[in-house]
Amino acid sequence: MSNKKTLLYIIISLLTITFAGLAHAETGKAPDAKAVAVGKKLYIKHCQVCHQKDGVGEQPISVYIRLPGFVTAIPLNESSHAWHHGDKQLVKIILSGSRRTKRMPAWKDTLSEEQVKNIVAYIKSLWSPEVLACQGPKHMDCKR
Ligand code: HEC
């Protein structure tokens, strides 16, 4: 390879690495403390009734006694799979609600996108650094 070609190769590689990093910018970093504080208040007001304190989720109800179609509010801490979603996906799920159950409503008429982003920051504050580093599509490659 000529020197010029080698240089071009290095530049392209560096750009690729940089942009791949940006695409997963939500992963790995601890959420902003201010956003977490705002999000926590909103979480307590709107979400805690179902997802419970610290996002531990509702206790599963036995199929023998639960009403048909009843879906429990799954944990949002790291014990369930909320962290398999990237930030954007989480914001989208919260704004548009679950297609499976009306129990998880669309929040877009109640909360702004900014408020939901803060709630996501709070949810992420419940995860360990290992899980944060594995958030989103990366979870497939992680051992957890
Ligand atoms: C009335 C109960 C209820 C309230 C209030 C509620 N949720 Fe949910 N939520 C649910 C249920 C039930 C599910 C499971 C839906 C499913 O499995 O399709 C769910 C699912 C979710 C999920 C998907 C998790 C995953 O791993 O796929 C997220 C994220 C979520 N809720 C966030 C929130 C946030 C944030 C709020 C407050 C703004 C909130 N929920 C308020 C009941 C509730």
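Residues numbered from 1 in each chain as written. Predicted model: local features only at pLDDT ≥ 70, side-chain atom pairs only at ≥ 80, totals over all residues. Heavy atoms only, no water.

(A) The site of the ligand, seen in detail. Around the ligand sit 24 residues, and of these Cys47, Cys50, His51, Ser98 and Met104 come closest. Between the ligand and histidine 81 there is a distance of 3.1 Å, counted from an oxygen atom to a side-chain nitrogen or oxygen. Histidine 85 places a polar side-chain atom, nitrogen or oxygen, 3.2 Å from an oxygen atom of the ligand. Where the shell around the ligand is concerned, the elements lending two or more residues are α3 (48–51) and α4 (87–96). (Near = heavy atom within 4 Å. Polar contact = N/O pair within 3.5 Å; in protein donor to acceptor, adjacent residues only side chain to side chain. Helix = DSSP H or I, 4+ residues; strand = E, 2+ residues; numbered from the N terminus.)

(B) Geometry of α4. Among the residues making up α4, those that are buried are Leu90, Val91, Ile94 and Leu95. The buried residues of α4 occupy an angular sector of 130 degrees when projected down its axis, which confines them to one face. Exposed and facing more than 90 degrees away from the buried side of α4 are Lys88 and Lys92. Of the residues flanking the end of α4, it is glycine 97, one or two places downstream, whose phi is positive at about 75 degrees. (Buried < 20%, exposed > 50% of the residue type's maximum accessible area, 1.4 Å probe, protein only. Arc of directions from axis to C-beta.)

(C) A nonpolar patch on the surface, seen in detail. Together, Ile61, Val63, Tyr64 and Ile65 line one region of the surface with nonpolar side chains, adding up to about 500 Å² of accessible area. With respect to the helices and strands, the residue valine 63 is situated in the loop between α3 and α4. (Patch = residues over 30% accessible without salt bridge, like charges linked within 9 Å, V, L, I, M, F, W, Y side chains within 5 Å. Areas by Shrake-Rupley, 256 points an atom, 1.4 Å probe, with all protein chains shown as cover. Salt bridge = Lys/Arg side-chain N within 4 Å of Asp/Glu carboxyl O.)

(D) Local environment of the environment of methionine 104. Within the secondary structure, methionine 104 sits in the loop between α4 and α5 (113–125). A residue is classified by how much of its surface remains accessible, and methionine 104, at 21% relative accessible area, is partly exposed. In sequence terms methionine 104 and valine 71 are 33 residues apart; their C-alpha atoms lie 9.1 Å from each other. Setting aside chain neighbours within four positions, we find methionine 104 in contact with His51, Ile93, Ile94, Gly97 and Ser98. (Contact = heavy atoms within 4.5 Å.)

(E) Region of interest: the coordination of the iron atom of the ligand. Coordination of the iron atom of the ligand by the protein comes from His51 (NE2) and Met104 (SD), over a distance range of 2.0 to 2.2 Å. Of note is the iron atom of the ligand, whose 6 donor atoms meet at the metal with angles of 89 to 179 degrees in an arrangement that counts as octahedral. Here histidine 51 is found in helix α3, whereas its partner methionine 104 is found in the loop between α4 and α5, with 53 residues between them in sequence. (Donors = N, O, S within 2.8 Å, 3.2 Å for Na, K, Ca; no water. Tetrahedral: all angles 85-135°; square planar, octahedral: opposite > 155°, others 65-115°.)

(F) Spotlight on the environment of leucine 90. Relative to the assigned elements, leucine 90 resides in helix α4. For leucine 90, a relative accessible area of 7% puts it in the buried group. Between the C-alpha atoms of leucine 90 and glycine 136, which are 46 residues apart in sequence, the distance is 9.7 Å. In contact with leucine 90, not counting residues within four places along its chain, are Ala82, His85, Val120, Trp127 and Gln135.

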